[in-house]
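The residues making up each chain are set out below.
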Protein chains: 2
Amino acid sequence: MSADFAAIDWGTSSFRLWLMTCKGQVLDERRGPEGMQHCIEAGFAEVLDRYLTQVGAAPDLPVLICGMAGARQGWFEAPYADLPAEVAKLASQAVRLPLNLAGARDIRMMPGLAQRDPACPDVMRGEETQLAGLAKAGHEGLVCMPGTHCKWARLEGGAVTGFQSFLTGELFSLLSGHSILRHAMPEKGRILPDDPAFTTALDEALADPAAFMGQLFPIRAGQLLGFRSPEESFARLSGLLIGAEVGRQVAGNCAPVILVGQEGLGALYAEALRRSGTELVLANAEEATRDALLAAAAEIWGWQDA
Amino acid sequence: MSADFAAIDWGTSSFRLWLMTCKGQVLDERRGPEGMQHCIEAGFAEVLDRYLTQVGAAPDLPVLICGMAGARQGWFEAPYADLPAEVAKLASQAVRLPLNLAGARDIRMMPGLAQRDPACPDVMRGEETQLAGLAKAGHEGLVCMPGTHCKWARLEGGAVTGFQSFLTGELFSLLSGHSILRHAMPEKGRILPDDPAFTTALDEALADPAAFMGQLFPIRAGQLLGFRSPEESFARLSGLLIGAEVGRQVAGNCAPVILVGQEGLGALYAEALRRSGTELVLANAEEATRDALLAAAAEIWGWQDA
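Residues numbered from 1 in each chain as written. Chains lettered and ligands numbered in written order. Predicted model: local features only at pLDDT ≥ 70, side-chain atom pairs only at ≥ 80, totals over all residues. Heavy atoms only, no water.

Looking at an unreviewed UniProt entry, one finds chain A named 2-dehydro-3-deoxygalactonokinase and attributed to Paracoccus sulfuroxidans.

Below you can see the structure in the form of structure tokens.
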């Protein structure tokens, strides 16, 4: 069986490729750390060619990409689609890379989404494709997509009607690695969702999301005064930040939340959501992205319904 | 008239010296950037000697120091005093530097304060001396001391009964200079307290202190989508952070707040406090520190009431 296209999720710090048929069969796959940040220096075309050669792709195999590679500072800009955005129709706004970048190959870039509301402007790239996959699988409601910039989106009637991004993951890196709190942190930390230092901090922040600003410096003081170990301080900082975000987002929400990704950071968000009393619907991030890229490819290249 | 002692406020990033008589006359003064961070490499004794020589101090002139020079990572540790701390009596816990550090000179280090409460551990060094000066001038109530780590203390009956430090200033530096928000920031920013981008953000955060976590990423998105200039983004970030801190601290407080320092950052806190409907009592930071060091020196060296 021969491949019909390559589906690629090209994020800020990761690259993921599936070699697929138009019926959705995955013939091969690759993943690597060559995200946008790496490729700005290493070259997007070079990285893509290397991966396509690895999977034995024909010179004319079409390629469909979603994610940060389509940002202005990425490979080739795919303009944002606006809200409300019917996710099944995003393929119509994919752009084709010009000859000077793509050569003879047909390479398409999925659009991101922009919320052009002056009161709460926001953008996403890559998550819109995940959301299209979720919608295809029949999901509806509030979706939580953990990451360095965790995104919360509302999916209604197959359209994204609003979303909000949180800097929580980046804030955790900055505070634990580059603020005065770094003196209270372990050399290398790992947080388990059932760590009592993490869950206690979650509960505090869920109960009072505005409090955490005043609970940061005490992490340093707590270490100075001998109240907490570096490992406890690390877990506590994570719990305060994730708890403040989740507590804020689920306030007044009684519907289930669709959580995309349950490993690593996802497991910490799952714990926060559960402790907030929120019912969870679990979804797989990679499956959602791949399913949506397949559907978009069928739309773009005019295949029968995949 | 000859000097009786040198009073020194030795912070993390600043050095301030007053050459004084026991009656409180200031015969000379110096200030410089040689704070603790500088002196850990350059040497505390060397910096002190240079300044004392500049003001023509006698070899046996006593020296009284408050601030971070007394931290464990500073010159010589002065253990923390505990709460409730009667600030007029802190001099009794000042420590004298040993011969190997001080030579023949009598050098004393004021203690910091520690709040040894596992639920809200906190520490201060330098601010306790400001608070002693405020108490001496008859101030009582909630005191706000803006800085990289803004401190809020409760002064009751001449004692500090509790305090809380906020990372707000450091958070602003990290977010504006080292997070994804840096792309939305000006080369060099300066915020005036009546800047509408600042005051609008203040009002938003004062009304809803828990909201700001979700308003950080939109600063980057607002710049990408063309809603705000870099200068507006810079002022907005400051307003959101200070507003969240002040909104949290004044919730349910109807008494006046004593604000120490009204220039630069102090002016931004003053605006936030005013907009929150809080009545302000203005106090001078340097006067408070100098007055308290004079009173402590009189106590230590047995002079008549200064």
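Trainee: Can you help me understand the packing of helix α5 (residues 168-178) of chain A against helix α8 (residues 230-250) of chain A in this one?
Mentor: Each packed pair of helices is defined by two parameters, the angle between the axes and the distance between the axes. All names here are of chain A. Between α5 and α8, the least distance of the axes is 10 Å, while the angle of their chain directions is 150°. In terms of axis orientation, α5 runs roughly antiparallel to α8. Handedness of the crossing formed by α5 with α8: right-handed. Listed contacts from α8 to Thr168, Leu171, Phe172, Leu175 and Ser176 of α5 are Phe234, Leu237, Ser238, Leu241, Ile242 and Glu245. Along the lines of polarity and charge, the residues of the contact of α5 with α8 split into 7 nonpolar, 3 polar and 1 charged. (Axes fitted to C-alpha atoms, helices over the stretch in contact; angles between N-to-C directions. Helix = DSSP H or I, 4+ residues; strand = E, 2+ residues; numbered from the N terminus. Parallel < 35°, antiparallel > 145°, perpendicular 65-115°, else oblique. Left-handed = near helix turned anticlockwise from the far one by under 90°. Contact = heavy atoms within 4.5 Å. Nonpolar A, V, L, I, M, F, W, Y, C, P; charged D, E, K, R; others polar.)

Trainee: Any chance you could explain the sheet that holds strand β10 (residues 122-124) of chain B here in plain terms?
Mentor: Adjacent strands of a sheet pair through backbone hydrogen bonds, lying either parallel or antiparallel. All names here are of chain B. The 3 strands lie next to each other as β5-β9-β10, forming an open sheet whose pairing is mixed. With one partner strand each, in any of the chains shown, β5 (81-82) and β10 form the two edges of the open sheet. Note that strand β9 (residues 113-115) and β10 share 3 bridges and pair antiparallel. Note on β10: the bridge partner recorded for leucine 113 is methionine 124. (Pairing = 2+ DSSP bridges.)

Trainee: Sorry if this is basic, but what is going on with the interface of chain A and chain B here?
Mentor: The parts lose accessible area when they come together, and the size of an interface is often stated as this lost area. Taken together, the contact between chain A and chain B spans 47 residues of the former and 46 residues of the latter. A combined buried area of about 3,800 Å² lies between chain A and chain B, and 71% of that area is made up of carbon and sulfur atoms. On the surface where chain A and chain B come into contact, there are 2 salt bridges. Notably, a salt bridge pairs aspartate 208 of chain B with arginine 248 of chain A, separated by 2.6 Å at the nearest N-O pair. The tally of links from chain A across to chain B stands at 6 residue pairs in polar contact (both at pLDDT 80 or more). Among the secondary structure elements, those contributing two or more residues to the side of chain A that touches chain B are β9 (113-115), β10 (122-124), β13 (159-166), α5, α7 (217-224) and α8 of chain A. Considered class by class, the residues forming the side of chain A that touches chain B number 26 nonpolar, 10 polar and 11 charged. (Buried area = accessible area lost by both parts, 1.4 Å probe. Salt bridge = Lys/Arg side-chain N within 4 Å of Asp/Glu carboxyl O. Polar contact = N/O pair within 3.5 Å; in protein donor to acceptor, adjacent residues only side chain to side chain.)

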